[in-house]
Amino acid sequence: MVETQFSPYRKQPRVAVVKFASCDGCQLSILNLEDDLLALGAAIDIAYFPEASSNMQEGPYDIAFVEGSITCPEDLPRILELRQQTTTLITIGACATSGGIQALRNWSDIEAFKQAVYPNPEYIQSLSTSTAISEHVSVDYELWGCPIDKRQLLRVLTDLLQGVSPRIPTHNVCIDCKRQGHVCVIVSQGLPCLGPVTRTGCGAICPSMGRDCYGCFGPAEHVSVQPPGVPPNMTSLAQQFHQHLQLIPVEMVRRFRGINGSVQSFSKESDAWESK
Amino acid sequence: MPGNPNNTRTIKIDMMARVEGEGALNVTVKDGQVQDVQLRIFEPPRFFEAFLQGRHVNEVPDIVARICGICPVAYQMSAVHALEAIFGVEIPPAIRDLRRLLYCGEWIESHVLHIYMLQAPDFFGFASGLDMARVHPDLVKQGLRLKKAGNQLISLLGGRSVHPVSVKIGGFSQVPTKNQLHALTDELRWARDAAVKTLQWVSGFAFEDPEQDCTFLSLRGPSEYPMNTGSLITNKGHHLNASEFEDHFHEEQVPYSTALHCSFQGKSYLTGPLARLALNHDQLSPLTKEIFAETEFPLPFKRASMGIVARSVEVLYALDEALRIIEGYEQPASPSVPVIIKAGTGVAATEAPRGVLYHRFSVNEDGTIQLAKIVPPTSQNQRRIEDDLRNMLPGLLHLSDEETASKCERHIRSYDPCISCATHFLKFTREEVS
Ligand code: SF4
Ligand code: SF4
């Protein structure tokens, strides 16, 4: 249920769902809130959500959910304008929060990509990088995941509707995995699971399906900071993969350069292994 | 403007609503004649084919899923089949069935989303499924629960419904127990009844767009309604293997779009539910055939708006098929078979909810991808949609620009284009790289 009795908004808050470069999976996760969607539709005013409604209203918006990363020149004025129009801006998903999988281009020559892919590359306007929304405007809350966890989104929205500051947990997948009693896939299968350094949110889906986490919720907090002299968790885990699971440097690069490969704590690791 | 035929008139839709991804339409009319129809796709390219190069084959299912949040299973399926073709992997029947079951889940969630939330509102003049729910709450609730049934199937097999995690070359990382699957049976039975009602409901809609005659393309297998396997057939008598796809289907780039346009022997063609149903209706389940026969619609459907009927038929079939698979399921001893990675090239085509999805991969000795080519259904259909609009527009020009634009938008939407998919692929051949 969507409680609104303590809502700080005088009327139904005006909500926008806006897309940049993405697969639409995070927006779909909103529509996948099947049980709560109608209640949600009654609690908020969906002012702009082109994927779901032809009624597209201009801003200002109380809340905007932003999916997708910034990848082409036209995106820049759009995101600046949206920020000006929006009170609470929330990124949804890896694309918007870290640049997403398409940020793999950041390590490549984009002109070569275009030429490889399009017969007439001059028609294509594209930036050489895919960047997170927060590199361009200030962001109020970030929901990680590829895709986001729809319950997390509902939670944030319900908090806002109640006038509570949303608190998004930041511990690692490993803790959830242990709590649920799954068999550790590093220990039992020798898989290079990123659960120890990946942010919670999914409910430890991969280990529950008998496989390694590939970091789709981005880095957990504190995995890249440690007291002086102690290597950060990320680096220690990488060492373990290398020494005990015999991953060779190119495999290490691929492991840390994935869906959230552009986030600094991951990119530092992949870049370090690339130069080995 | 109407009544002033010596003008050049431009009809524009700047941002199409209720489609996946971002696209626009430009129509130019001169002296009362339609000059140009451009379905403009401005969804930015994400260059999947390029950055797949150098990734390990085992990462491919997780990567290609991200091409489309609505049909990730389709991408995973075409990819693993193409790679398994290289490695000579034989998939045992139980795993084959589970893959089909997973695909059923995706057809259900994708089709039901389109039926209830995207296309049906057009028949009643609502701006969205949520607006429709204000007047017809029970109907929309039925649709959402039906969609959820599809998502539950994917979540059980894949861990979550968007970008499921269990699919791998050789099978799955884990398979469900018999009990886990049987626990879904009651809900799927409810959903099958709801699918019957859905088909009956949409069959009463008014389909008013002009009839069109076009080439239909779909897979066809020896016995089952096509999902994961089959050869490529058309209503014009063609019969091809997936390995011949690129000899017959050509992609070209147009300046106004980030998606490539595909043609078959120089002409537009259509893939997806209308084509599948026209070419494979004899393989539907007895229940689906019976309920469909009651609608008394002749096949093939010649109106794009009737896609909603075709999708409803397929939802009913997918539920019936899912129940059949679950009933006969025996948990395999191992969730996957061993795979020996080697160099080579493999192709596969499977039936995504929106039609034929073609993949070709070349793999290096070390198991990394040398080359990837992906042709999604929407880039195949784009030219067909433009041709269809060109046929239909003369009958609309007496209307105002705004009304014409809205009829066009509705017509495009009835094709269920997935624009996010369409843009991430592109021509990518080895000759061009060098
Ligand atoms: S974060 Fe993942 S699921 Fe969400 S839009 Fe990006 S690619 Fe899709
Ligand atoms: S376990 Fe890791 S990769 Fe898997 S869904 Fe969770 S965060 Fe994503």
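Residues numbered from 1 in each chain as written. Chains lettered and ligands numbered in written order. Predicted model: local features only at pLDDT ≥ 70, side-chain atom pairs only at ≥ 80, totals over all residues.

Q: I would appreciate a short explanation of the overall build of chain A in the present structure.
A: Along chain A, the regular secondary structure elements total twelve helices and five strands. A compact globule built from 276 residues would reach a C-alpha radius of gyration of about 19 Å, and chain A, at 20 Å, matches this within 12%. Overall, chain A is about 60 × 50 × 35 Å in size when its C-alpha atoms are taken along their principal axes. Split into buried and exposed, the 276 residues of chain A put 53% on the buried side. A fraction of 71% describes how many contacts in chain A between residues 6 or more apart in sequence connect residues 24 or more apart. (Helix = DSSP H or I, 4+ residues; strand = E, 2+ residues; numbered from the N terminus. Rg over C-alpha atoms; globule rule 2.2 N^0.38 Å. Buried ≥ 20, exposed ≤ 12 C-beta atoms within 10 Å, placed from the backbone. Contact = placed C-beta atoms within 7 Å.)

Q: Explanation requested: the overall build of chain B in the structure shown.
A: In terms of helices and strands, chain B carries 16 helices and 14 strands. In terms of C-alpha radius of gyration, chain B reaches 21 Å, essentially the compact-globule figure of 22 Å for 434 residues. Principal-axis analysis of the C-alpha atoms gives chain B an extent of 75 × 55 × 40 Å. The 434 residues of chain B split such that 56% are buried. Across chain B, every contact between residues at least 6 apart in sequence was considered, and the portion connecting residues at least 24 apart equals 73%.

Q: What am I meant to see in the interface of chain A and chain B here?
A: How big an interface is tends to be stated in terms of accessible area lost as the parts join. Counting from both sides, the interface comprises 48 residues of chain A and, opposite them, 56 residues of chain B. Among the secondary structure elements, those contributing two or more residues to the side of chain A that touches chain B are helix H1 (25-31), helix H2 (37-43), helix H5 (110-117) and helix H9 (205-208) of chain A. A breakdown of the residues in the side of chain A that touches chain B according to their chemical character gives 26 nonpolar, 15 polar and seven charged. (Nonpolar A, V, L, I, M, F, W, Y, C, P; charged D, E, K, R; others polar.)

Q: Please explain the domain arrangement of chain A as it appears in this structure.
A: Residues and elements named next belong to chain A. Taken as a whole, chain A is organised into domain 1 (14-161) and domain 2 (173-274). In this structure, domain 1 and domain 2 have C-alpha centres spaced 26 Å apart. Taken together, the contact between domain 1 and domain 2 spans 14 residues of the former and twelve residues of the latter. Top element by residues in the side of domain 1 that touches domain 2 is helix H4 (residues 94-98). It accounts for three residues. Each residue belonging to the side of domain 1 that touches domain 2 can be placed in one class, and the counts come to six nonpolar, seven polar and one charged. (Domains from an automatic or database assignment.)

Q: It is not clear to me how helix H14 (residues 401-414) of chain B should be interpreted in this structure. Could you clarify?
A: Because each turn of an α-helix spans 3.6 residues, side chains separated by three or four positions in sequence point in the same direction. The end-to-end C-alpha distance of H14 of chain B, which contains 14 residues, comes to 20 Å, matching closely the 20 Å that a straight helix rising 1.5 Å per residue would cover. Positive backbone phi, approximately 55°, marks Asp416 of chain B, located one or two places after H14 of chain B. (Expected span 1.5 Å × (residues − 1).)

Q: Please clarify how the domain arrangement of chain B should be interpreted in this entry.
A: Splitting chain B by domain gives domain 1 (8-45 + 381-433) and domain 2 (48-380). Averaged C-alpha coordinates put domain 1 of chain B and domain 2 of chain B at centres separated by 24 Å.

Q: It is not clear to me how the site of ligand 2 should be interpreted in this structure. Could you clarify?
A: Residues in contact with ligand 2, as listed here, are Val173, Thr198, Cys202, Ala204, Ile205, Cys206, Cys213, Tyr214, Gly215, Cys216 and Phe217 of chain A together with Val165 of chain B. More than one chain approaches ligand 2, the contributing ones being chains A and B. Here the residues of the shell around ligand 2 sort into ten nonpolar, two polar and no charged. (Near = placed C-beta within 6 Å.)

Q: Even after reading the chapter, I still don't get the site of ligand 1, so can you show me in this structure?
A: Near ligand 1 you find 16 residues, and of these Gly25, Gly93, Cys95, Cys146 and Pro147 of chain A are the closest. With respect to ligand 1, its neighbouring residues span chains A and B. The set of elements that each furnish at least two residues to the shell around ligand 1 consists of H1 and H4 of chain A. Here the residues of the shell around ligand 1 sort into eight nonpolar, six polar and two charged.

Q: How do you make sense of the sheet that holds strand E1 (residues 14-19) of chain A when you look at a structure like this?
A: Think of a sheet as strands paired side by side through backbone hydrogen bonds, with each pair either parallel or antiparallel. All names here are of chain A. Ordered by their spatial adjacency, five strands build an open sheet running E2-E1-E3-E4-E5, and the pairing between neighbours is parallel. Every interior strand has two partners, whereas the edge strands, strand E2 (45-48) and strand E5 (141-143), have only one. Direction aside, neighbouring strands of the sheet carry axes that sit 25° apart on average. Contacts from helix H3 (residues 75-85) reach E1, strand E3 (61-67) and strand E4 (86-92), with the element oriented near 130° to E4. Here helix H6 (residues 150-162) sits on the sheet in contact with E3, E4 and E5, set at roughly 160° to E5. (Pairing = 2+ DSSP bridges. Axes fitted to C-alpha atoms, helices over the stretch in contact; angles between N-to-C directions.)

Q: Please explain the sheet that holds strand E6 (residues 215-220) of chain B as it appears in this structure.
A: Residue and element names in this part refer to chain B. Across the sheet, four strands lie side by side as E8-E7-E6-E11; this open sheet has mixed pairing. Here the strands that pair on one side only, and so sit at the sheet edges, are strand E8 (239-240) and strand E11 (269-271). Here three bridges tie E6 to E11, and the two strands are oriented parallel to one another. Pairing of Leu217 across the sheet is with Thr271, part of E11.

Q: Sorry if this is basic, but what is going on with the packing of helix H4 (residues 93-124) of chain B against H14 of chain B here?
A: Pairs of packed helices are described in terms of their axes, by the angle between the two and the distance that separates them. Residue and element names in this part refer to chain B. The geometry of H4 relative to H14 is characterised by a closest axis approach of 10 Å and an angle of 140° between their N-to-C directions. As summarised for this structure, H4 and H14 are arranged oblique, according to the angle between their axes. Classified by chirality, the crossing of H14 by H4 is left-handed. Residues Leu118, Gln119 and Asp122 of H4 touch H14, and the partners they reach there are Arg410, Arg413 and Ser414. Counted by class, the contact of H4 with H14 contains one nonpolar, two polar and three charged residues. (Parallel < 35°, antiparallel > 145°, perpendicular 65-115°, else oblique. Left-handed = near helix turned anticlockwise from the far one by under 90°.)

Q: Sorry if this is basic, but what is going on with the confidence of the model for chain B here?
A: It should be kept in mind that the predicted coordinates are not to be read in detail where pLDDT is low. Residue and element names in this part refer to chain B. Per-residue confidence for chain B averages 90 on the pLDDT scale, and 92% of its residues sit at or above 70. For the stretch residues 424-434, pLDDT sits under 50, and the model shows 30 contacts to residues farther than four places along the chain or on other chains. In the predicted assembly, ipTM is 0.94 and pTM is 0.94. (pLDDT = per-residue confidence, 0-100.)

Q: It is not clear to me how the pairing of strand E2 (residues 23-30) of chain B should be interpreted in this structure. Could you clarify?
A: Each regular strand shows side chains that alternate between the opposite faces of the sheet. Residue and element names in this part refer to chain B. By the alternation rule, side chains of E2 split into Gly23, Leu25, Val27 and Val29, which are all buried, and Ala24, Asn26, Thr28 and Lys30, of which none is buried. Here six bridges tie strand E1 (residues 8-13) to E2, and the two strands are oriented antiparallel to one another. Residue pairing for E2: Arg9 is matched across the bridge by Val29.

Q: Explain the confidence of the model for chain A here, please?
A: When pLDDT is averaged along chain A, the result is 90, and 92% of the positions lie at 70 or above. The weakest mean pLDDT in chain A belongs to H5 of chain A at 65; the strongest belongs to H9 of chain A at 98.

Q: Got a minute to help me understand the packing of H4 of chain B against helix H12 (residues 307-327) of chain B in this structure?
A: All names here are of chain B. Orientation of H4 relative to H12, taken along the N-to-C sense of each, is 150°, at an axis distance of 9 Å. The orientation of H4 with respect to H12, classified from their angle, is roughly antiparallel. For H4 against H12, the interelement crossing comes out left-handed. Across the interface between the two elements, Asp97, Arg100, Leu101, Cys104, Trp107, Ile108, His111, Val112, His114, Ile115, Gln119 and Ala120 of H4 pack against Ile308, Arg311, Ser312, Glu314, Val315, Ala318, Leu319, Glu321, Ala322 and Ile325 of H12. Within the contact of H4 with H12, the residues separate by chemical class into 13 nonpolar, four polar and five charged.

Q: I'm lost on unusual backbone geometry in this one. Help?
A: Most peptide bonds are trans, and most residues other than glycine sit at a negative phi. Following Gly59 of chain A, the chain continues into Pro60 of chain A via a peptide bond in cis, with omega recorded as 0°. With respect to the helices and strands, the residue Pro60 of chain A is situated in the loop between E2 and E3. Cys146 of chain A connects to Pro147 of chain A through a cis peptide bond whose omega is 5°. When you line up the elements, Pro147 of chain A lands in the loop between E5 and H6. Although it is not a glycine, Gln265 of chain B sits at a positive phi angle of roughly 50°. Mapped onto the fold, Gln265 of chain B is located in the loop between strand E10 (260-264) and E11. A residue is classified by how many C-beta atoms lie within 10 Å of it, and Gln265 of chain B, with 12 of them, is exposed. Notably, Glu296 of chain B is not glycine yet its phi reads approximately 60°, a positive angle. One can find Glu296 of chain B in the loop between helix H11 (286-295) and H12.

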